[in-house]
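Architecture and fold: a report
For reference, the chains in residue letters:
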Amino acid sequence: MAVDFLEIAALTDVGNVRQYNEDSIAVDTVHGIVALADGMGGHRAGEVASRMATDALVTGLTAAAARFGADPRQHAPLLALGQSINRANRAIHEAGRLDVRYRGMGTTMAAAVFHDNRIAMAHVGDSRIYRVRDERISLLTRDDSLLRDQVELGVISAAEASQSHNRSLVTRALGIEARVTAHITDEPAVPGDVYLLCSDGLNDLVEDADIELIIASLSGNLSLAASHLVQTAKDNGGYDNVSVILAKVREPFPASGRGWIARIRAWFARLFGAGR
Amino acid sequence: MAKLVLSTEGAVVDQCFMDDALVTIGRGAYNRIVVDDPAIGVRHASISAVGHDYILEDLGSGAGIPVNGALTKRRILQHGDVIELGSYHLKYVDSKASSEIDLERTMIISGLKLNVDVAPATDSGEVTQDLHVPSSRATKTHFPNGRIKWLQGPHGGEYKVLDRVIATFGAPDTGLAVVTRRPHGFYVTYVEGAEHPRVNGESIGKEPRHLQHLDIVEVGEERVEFQLF
């Protein structure tokens, strides 16, 4: 059974130019888990790396999510993200070490877990997570990319960045080294929020303002919003693979609201006027 | 590989492949590219490599350096740029970037050395927004011009120019439609609500419909005419 507090639409497309789709997406609607990866490496190794990443992330997070109910710590999803990412990194790195066809392969990733009225997020590389709340878009991740470093250091201005050829240079990826440090964070998620995970094939070709307009206007039909995002990237050139995962929060999802023991406890709490 | 071609009066006098991290330009003999022109400073400009970019910087002429006719203090060089140096021209040629389509593949590179958790201070104090790397390589796509005119409903008589990627009309409960601007025309699609949009009186169901000039679109209580211009 899918979680009913969350609506998810996901789409990946090879684009107009590339021969292969090296992006991978994976969704677990039962536990509210989404993951996306954009692979790199020769001879289709990028496809292998991104698929290994999304598989390992969703498998690891799903197993962990089954235990969230028994784990009252609010940061349990953050720990699960860190562990799943480490496992995915090791698996990809090992495969690259053992098989010459996969040497040097790697992948960016973005993943999110919805639990207890919060979204736990992680990313490595230039895959992004945005939030649209009250029709305004916010970028919740910070790219591991040379371009971002350049802008941050003031080597070039943000306006100049659109002239740069450094868009595709990421400074961190899964599978490249034996260890990786991911950016992991969480924040409250409220009904009406729409979260977007995307590969750079979207945000390189579609302005944030247009992403905002599409999601805010079409949030009542999430799969139409997803197809519009992908279509817009392709209409603007579609040079790269493009992938999007949209997740809309329909209603509050406190951890105590799940499971029959918690529900009975909450009922008693209400009955006797006590706080939970 | 990118290179620089120095010419004067139509004759090539020097070429420089960009295999160094730094190329200096000026009248002084120690510069990598020596420009023998009294209008040029001893140390006039530099070009430094960062990742795949070559960044031209004015080293003190003050007013800036003319690139493609516009004065600039700093510029990320683009294939075909012409830097004016007195009576000389320096052309930047990047064979890799000269194709229309950028097929650059994602690559891993070591980051610049910085403490990434500390945002640099700026005068305004506004950091996060200023540092936001904008999307978009400039797209070369051409989009048609269209607008809708409300014939009926709360906006009766008004026009809306379709200058964004999408525009919605109607209402989520009674029927919401989206008009999508694409390179080869405009499409109308059902989004949500009780009623599917009608084009010239006929329901379009859930499929996108390519709009023709002067098509009448109805959704909910609204009735609009689509116009190309």
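Rules used in this analysis
- Residues numbered from 1 in each chain as written.
- Chains lettered and ligands numbered in written order.
- Predicted model: local features only at pLDDT ≥ 70, side-chain atom pairs only at ≥ 80, totals over all residues.
- Heavy atoms only, no water.
- Pairing = 2+ DSSP bridges.
- Helix = DSSP H or I, 4+ residues; strand = E, 2+ residues; numbered from the N terminus.
- Axes fitted to C-alpha atoms, helices over the stretch in contact; angles between N-to-C directions.
- Contact = heavy atoms within 4.5 Å.
- Phe/Tyr/Trp six-rings, centres within 6.5 Å; stacked < 30°, edge-to-face > 60°.
- Buried < 20%, exposed > 50% of the residue type's maximum accessible area, 1.4 Å probe, protein only.
- Lys NZ or Arg CZ within 6 Å of the ring centre and 35° of its normal.
- pLDDT = per-residue confidence, 0-100.
- Expected span 1.5 Å × (residues − 1).
- Buried area = accessible area lost by both parts, 1.4 Å probe.
- Salt bridge = Lys/Arg side-chain N within 4 Å of Asp/Glu carboxyl O.
- Polar contact = N/O pair within 3.5 Å; in protein donor to acceptor, adjacent residues only side chain to side chain.
- Parallel < 35°, antiparallel > 145°, perpendicular 65-115°, else oblique.
- Left-handed = near helix turned anticlockwise from the far one by under 90°.
- Nonpolar A, V, L, I, M, F, W, Y, C, P; charged D, E, K, R; others polar.
- Core = buried A, V, L, I, M, F, W, Y, C linked by side-chain atoms within 4.5 Å.

**Examining the sheet that holds strand β4 (residues 106-115) of chain A**
All names here are of chain A. Taken together, five strands build an open sheet; the order of strands is β2-β3-β4-β5-β9 and the sheet is antiparallel. Whereas interior strands pair on both sides, the edge strands pair on one side only; in this sheet they are β2 (23-28) and β9 (183-188). Averaged over all adjacent pairs, the angle separating strand axes in this sheet is 10°, with direction ignored. By the bridge criterion, six bridges tie β2 to strand β3 (residues 33-40) in an arrangement that is antiparallel. Looking at the pairing, Ala26 lines up with Ala35 of β3. Relative to β3, helix α1 (residues 45-68) is tilted by about 160°, and along the sheet it contacts β2, β3 and β4.

**Details of the packing of aromatic side chains**
The tally for this structure, following the rule as stated, stands at five aromatic pairs over all chains. Seen from their ring centres, Tyr54 of chain B and Tyr92 of chain B are 6.1 Å apart, and the 55° between their planes marks the pair as tilted. With Tyr54 of chain B in strand β6 (residues 53-58) and Tyr92 of chain B in strand β11 (residues 88-94), this pair connects stretches of sequence that are 38 residues apart. You'll find Tyr54 of chain B and Tyr92 of chain B in the same group, each marked buried. Taken together, the ring pairs in this structure connect Phe5, Phe114, Tyr195 and Phe253 of chain A into an aromatic cluster. Of note, Arg182 of chain B hangs over the ring of Tyr187 of chain B, and the distance from its end group to the ring centre comes to 5.7 Å.

**Remarks on the confidence of the model for chain B**
Caution applies to low-pLDDT parts of the model: their predicted coordinates are not meant to be read in detail. All names here are of chain B. Across chain B, pLDDT averages 83, with 83% of residues at or above 70. Per-residue pLDDT stays below 50 along residues 98-102; that stretch engages in six contacts with residues further than four places along the chain or on separate chains. Segment residues 114-130 is flagged for pLDDT under 50; beyond a separation of four residues in sequence, or across chains, it makes 13 contacts in the model. For this predicted complex, the interface confidence reaches an ipTM of 0.86, while the overall pTM sits at 0.80.

**Remarks on helix α2 (residues 76-98) of chain A**
All names here are of chain A. Look at α2: 33 Å from first C-alpha to last across 23 residues, which is about the 33 Å you get at 1.5 Å a residue. Of the residues making up α2, those classed as buried are Ala76, Pro77, Ala80, Leu81, Gly82, Ser84, Ile85, Ala88, Asn89, Ile92, Ala95 and Gly96. On its buried side, α2 packs onto α1, β4, β5 (118-124) and β9.

**Here we look at the interface of chain B and chain A**
Listed by partner, the interface residues are 51 residues for chain B and 59 residues for chain A. With both sides pooled, the region where chain B packs onto chain A buries about 5,200 Å², and carbon together with sulfur makes up 56% of that total. One can count three salt bridges joining chain B with chain A. Asp210 of chain A is the partner of Arg164 of chain B in a salt bridge, and the nearest nitrogen-oxygen pair spans 3.2 Å. Taken together, the links from chain B to chain A amount to 13 residue pairs in polar contact (both at pLDDT 80 or more). Of all the secondary structure elements, the ones that give two or more residues to the side of chain B that touches chain A are β6, β9 (74-76), β12 (107-108), β15 (166-171), β16 (175-182) and β17 (185-192) of chain B. Among the elements that take part in the side of chain B that touches chain A, β16 of chain B stands out by supplying five residues, more than any other.

**Some thoughts on the packing of α1 of chain A against α2 of chain A**
A pair of packed helices can be characterised by two numbers: the angle between their axes and the separation between those axes. Residue and element names in this part refer to chain A. Running from amino to carboxyl end, α1 crosses α2 at an angle of 150°, the nearest separation of the two axes being 8 Å. In terms of their interaxial angle, α1 and α2 are classed as roughly antiparallel. Relative to α2, the crossing made by α1 is right-handed. When α1 is examined against α2, the residues Ala49, Met52, Ala53, Ala56, Leu57, Gly60, Leu61, Ala64 and Phe68 are found in contact with a partner set consisting of Ala76, Pro77, Ala80, Leu81, Ser84, Ile85, Arg87, Ala88, Ala91, Ile92 and Ala95. In terms of residue class, the contact of α1 with α2 is built from 17 nonpolar, two polar and one charged.

**Some points on the pattern of salt bridges**
All names here are of chain A. Evaluated as defined, the whole model comprises 25 salt bridges over all chains. A salt bridge links Arg142 to Asp149, with the nearest nitrogen and oxygen atoms 3.5 Å apart. Both residues of the pair, Arg142 and Asp149, count as buried. Measuring nitrogen to oxygen at the nearest pair gives 2.9 Å for the salt bridge that ties Arg148 to Glu152. Placement of the pair is Arg148 and Glu152 together in helix α3 (residues 146-153), with a separation of four residues, close to one helical turn. Each member of the pair, Arg148 as well as Glu152, is classed as buried.

**Examining the nonpolar core**
Residue and element names in this part refer to chain A. Ranked by internal contacts, the top residues of the largest apolar core, which has 31 residues, are Phe68, Leu81, Ile85, Met105, Met109, Val113 and Leu174. Contributions of two or more residues to this core are made by β3, α1, α2, β4 and β5. Broken down by element, this core gets its largest block of residues, nine residues, from α1. Membership of the second largest hydrophobic core comes to 30 residues, among which are Ala9, Tyr130, Ile214 and Leu218.

**A closer look at the sheet that holds β17 of chain B**
In space, the four strands of this open sheet follow the order β15-β16-β17-β20 (chain B), with antiparallel pairing throughout. Because the sheet does not close on itself, it has two edges, and the strands there are β15 and β20 (209-210) of chain B. In this sheet, β16 of chain B lies alongside β15 of chain B in antiparallel orientation, the contact comprising six bridges. Note that in β16 of chain B the partner of Gly170 of chain B across the bridge is Leu176 of chain B. Relative to β15 of chain B, helix α6 (residues 208-218) of chain A is tilted by about 15°, and along the sheet it contacts β15, β16 and β17 of chain B. Strands β15, β16 and β17 of chain B of the sheet are contacted by helix α7 (residues 222-235) of chain A, whose axis makes an angle of about 10° with β16 of chain B.

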